[in-house]
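Here is what each chain is made of, one letter per residue.
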Amino acid sequence: MRQISIFDDYFAEEKISTPSRTNWLLIDGNNLMNRAYFATANNTMSAPDGTPTNGVTQFLKMSLNYQKQINANIVVFFDKGKGFRKKLYPPYKEGRNETPELLTQQFPVIREVLTAAGIPYFWSEDLEADDLIGAACNSLSGHKYILSNDKDLLQLVREDVTVVVRKNKVDVMVTPNQFSLDWEGLNPPQIVDIKALAGDVSDNIIGVTGIGDKGALKIIKHFGCVEKIVMPFPKEIKRYEKKFEGSGMSDALFAKKLTTLKVDTPLQIKEYEINESGLINICEKYAMKSIINLIMYY
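Residues numbered from 1 in each chain as written. Predicted model: local features only at pLDDT ≥ 70, side-chain atom pairs only at ≥ 80, totals over all residues. Heavy atoms only, no water.

Let's talk about the pattern of salt bridges
Where charged atoms from two side chains of opposite charge approach closely, those side chains can pair.
Then, number 1: Evaluation of the coordinates by the stated rule reveals 17 salt bridges.
Then, number 2: The closest approach of N and O atoms between K195 and D152, which form a salt bridge, is 2.1 Å. Placement of K195 in helix α9 (residues 191-198) and of D152 in the loop between β5 (144-147) and β6 (161-167) is noted, with a sequence separation of 43 residues between them. Assigned by exposure class, K195 and D152 land together as buried. (Salt bridge = Lys/Arg side-chain N within 4 Å of Asp/Glu carboxyl O. Helix = DSSP H or I, 4+ residues; strand = E, 2+ residues; numbered from the N terminus. Buried < 20%, exposed > 50% of the residue type's maximum accessible area, 1.4 Å probe, protein only.)

So, in structure tokens, the structure goes:
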């Protein structure tokens, strides 16, 4: 397993061979803002008007450091709502903890900062950030590094798409080979089949009642995908056969529809340079001196 920190030389060879920014850092904005906020929740940083800035500051530090390490153009994607999945399945994502008010206040700020810096961001009423990230992977040439701990995004992993997952204070680079090692020989797109059977507590997706991750893995290793599940089951997974009686199969197919990303939206994204003066000015407005210092020595 390849583990890195954002300050090591993991990408040194690649940076030498690709001096121009042909790589892309696709950031799951909500995911990274949550990580940034809770990592610094005890820090009472704020702007002169009292607006909290700890999450925004940490978000920028992490983004700029990752960008430097992989020599990439940053693009950020946010959730604007729960999109078409909520319409299909009203209980979708119900039961989640409320977003802390001090974090909620910082989402408009990070969007304002990104605009001032000329860093593109996308959001949609109908699609979630994950869908847009998938669309970006299909729209962009060069290598794409997705920064997120969201398991849904693992379905996008391929030779030119790596998901950077934070585990135990280190970064794990999920490539096709790493995914295969983690998931006993499966391919990245099959993660949706695993979730379709096992469900996803964080998204309030039920899946097939009585089947967990281990059972789902065994079933998909045998059949390949949800659509190819047929009776009777072989001896080694016979114990799961009854779970598919009644509505089990239709539940699995519906859950797969919810977990499969919609990646066919064309996105227009071009290489660019960060507007450093704009970023410095907005950081001065919000008294984010550590980011100004970071830019100066970038």
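Focus on the packing of aromatic side chains
By convention here, two paired aromatic rings are described through the distance between centres and the angle between planes.
Then, number 1: Counted according to the given criterion, the structure contains 9 aromatic pairs.
Then, number 2: When the ring of Y37 is compared with that of F38, the centres are 5.0 Å apart and the planes differ by 80 degrees; the resulting orientation is edge-to-face.
Then, number 3: Summarising the aromatic geometry, the rings of F78 and F107 are spaced 6.4 Å apart at their centres and angled 80 degrees between planes, so their arrangement reads as edge-to-face. Within this pair, whereas F78 is found in the loop between β3 (72-77) and α4 (83-88), its partner F107 is found in helix α6 (residues 107-117), the two being separated by 29 residues in sequence.
Then, number 4: The buried category is assigned to F107, whose relative accessible area is 12%.
Then, number 5: Grouping aromatic residues by their ring pairs yields a cluster made of F78, F107, Y121 and W123.
Then, number 6: The cationic tip of K80 hangs over the ring face of W123; the distance from NZ or CZ to the ring centre is 4.7 Å.
Then, number 7: The cationic tip of K262 hangs over the ring face of F84; the distance from NZ or CZ to the ring centre is 4.8 Å. (Phe/Tyr/Trp six-rings, centres within 6.5 Å; stacked < 30°, edge-to-face > 60°. Lys NZ or Arg CZ within 6 Å of the ring centre and 35° of its normal.)

What to know about the packing of helix α12 (residues 276-285) against helix α13 (residues 289-296)
Then, number 1: Taken N-terminus to C-terminus, the directions of α12 and α13 make an angle of 160 degrees; their axes are 8 Å apart at the nearest point. Overall, the two elements α12 and α13 adopt an arrangement that is roughly antiparallel. When the axes of α12 and α13 are compared, the crossing they make is left-handed. Between α12, through E276, L279, I280, C283 and E284, and α13, the contact on the second element is made entirely by I291, I292, I295 and M296.
Then, number 2: Considered class by class, the residues forming the contact of α12 with α13 number 7 nonpolar, no polar and 2 charged. (Axes fitted to C-alpha atoms, helices over the stretch in contact; angles between N-to-C directions. Parallel < 35°, antiparallel > 145°, perpendicular 65-115°, else oblique. Left-handed = near helix turned anticlockwise from the far one by under 90°. Contact = heavy atoms within 4.5 Å. Nonpolar A, V, L, I, M, F, W, Y, C, P; charged D, E, K, R; others polar.)

Topic: the pairing of β5
Then, number 1: Along β5, one buried face is formed by K144 and I146 and the opposite face, lined by Y145 and L147, is buried too.
Then, number 2: Where strand β2 (residues 23-28) meets β5, 4 bridges bridge the pair, whose relative direction is parallel. When the sheet's bridge partners are listed, I27 is paired in β5 with L147.
Then, number 3: Across 4 bridges, the pairing between β5 and β6 is parallel. Residue pairing across strands places K144 opposite V161, the latter belonging to β6. (Pairing = 2+ DSSP bridges.)

Regarding helix α11 (residues 248-259)
Then, number 1: Taking 1.5 Å of rise per residue, 12 residues should cover 16 Å, and α11 covers 16 Å from first to last C-alpha, within 8% of that figure.
Then, number 2: Among the residues of α11, those classed as buried are G248, A252, A255, K256, L258 and T259. Down the axis, α11 shows its buried residues gathered within 155 degrees of arc, on one side only.
Then, number 3: Next to the buried residues of α11 lie α4 and α9. (Expected span 1.5 Å × (residues − 1). Arc of directions from axis to C-beta.)

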